[in-house]
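Chain by chain, the residues:
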Amino acid sequence: KKTIITSILMHGSNQKANALQSLLGLFLQSVHTPYKVIDTLTHLGISISADTINMVTQALSAESQNSLRHLSQSLLASYAYDNFDMDLKSYIPTVEKSNNSLKHLMLGLLFPLVHDITLDDLKCLSDSYFLSNTKLLY
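The structure reproduced in this document is the subject of the present report. (Residues numbered from 1 in each chain as written. Predicted model: local features only at pLDDT ≥ 70, side-chain atom pairs only at ≥ 80, totals over all residues. Heavy atoms only, no water.)

### Digging into the packing of helix α3 (residues 35–44) against helix α4 (residues 50–73)
Right, on to step 1. Between α3 and α4, whose axes approach to 9 Å, the crossing angle comes to 105°. As judged from the angle between their axes, α3 and α4 are roughly perpendicular. Residues Tyr35, Ile38 and Asp39 of α3 pack against Ala50, Ile53 and Asn54 of α4.
Right, on to step 2. Broken down by class, the residue content of the contact of α3 with α4 amounts to four nonpolar, one polar and one charged. (Axes fitted to C-alpha atoms, helices over the stretch in contact; angles between N-to-C directions. Helix = DSSP H or I, 4+ residues; strand = E, 2+ residues; numbered from the N terminus. Parallel < 35°, antiparallel > 145°, perpendicular 65-115°, else oblique. Contact = heavy atoms within 4.5 Å. Nonpolar A, V, L, I, M, F, W, Y, C, P; charged D, E, K, R; others polar.)

Now the structure itself:
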């Protein structure tokens, strides 16, 4: 309780002191809270506004995309893919909805190679790959 009150008072005196409000706003969006509730909490000083939440989400997505792009271009990453099927059944069948509830999805994962792996460490892989391909030609 003291932390929330202190955070609200700090936010009232300095608009940039909004760490708690930002976290709460992102949480509220992630649980699909109606915008009217978020706007009410914004006026009380407990949350950031819905527009700010959307801007923060877009900025975090762009930052994450750039980070993944740089990781993949560094060649110090590994890729994993998986295909899977999900049956998304509806609780209330209607005439307009088709019976095709099976969805075919693909999951991709990009993760960094850790433990001080460098491009020189991976050079032996390209050499062994080249040798294995030349053996197949004979």
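Anyway, onward from the coordinates.
### Brief notes about unusual backbone geometry
Right, on to step 1. The backbone phi angle of His32 is positive, close to 60°, even though this residue is not glycine.
Right, on to step 2. On the secondary structure map, His32 appears in the loop between α2 (19–30) and α3.
Right, on to step 3. The exposed category is assigned to His32, whose relative accessible area is 70%. (Buried < 20%, exposed > 50% of the residue type's maximum accessible area, 1.4 Å probe, protein only.)

### Considerations on the nonpolar core
Right, on to step 1. Listed in full, the six residues of the largest apolar core are Leu28, Ile38, Leu41, Ile48, Ala50 and Ile53.
Right, on to step 2. Every element with two or more residues in this core is listed here: α3 and α4.
Right, on to step 3. Once residues within four sequence positions are removed from consideration, Ile53 is found in contact with Gly25, Leu26, Gln29, Ile38 and Ile48. (Core = buried A, V, L, I, M, F, W, Y, C linked by side-chain atoms within 4.5 Å.)

### Focus on the packing of α2 against α4
Helices that pack against each other are described as a pair by the angle of their axes relative to one another and the distance between those axes.
Right, on to step 1. Where α2 contacts α4, the axes come no closer than 10 Å and their chain directions differ by 90°. Relative to α4, the element α2 lies roughly perpendicular. Counting all contacts with α2, which are made through Gly25, Leu26 and Gln29, the residues of α4 involved are Ile53, Asn54, Val56, Thr57 and Leu60.
Right, on to step 2. Here the residues of the contact of α2 with α4 sort into four nonpolar, four polar and no charged.

### Notes on α4
Right, on to step 1. With 24 residues, α4 extends 35 Å between its outermost C-alpha atoms, agreeing within 8% with the 34 Å of an ideal straight helix rising 1.5 Å per residue.
Right, on to step 2. Those residues of α4 lying buried are Ala50, Ile53 and Leu71.
Right, on to step 3. Of the residues one or two after α4, Leu75 is the one with positive phi, at around 65°. (Expected span 1.5 Å × (residues − 1).)

These figures capture arrangement, not role.
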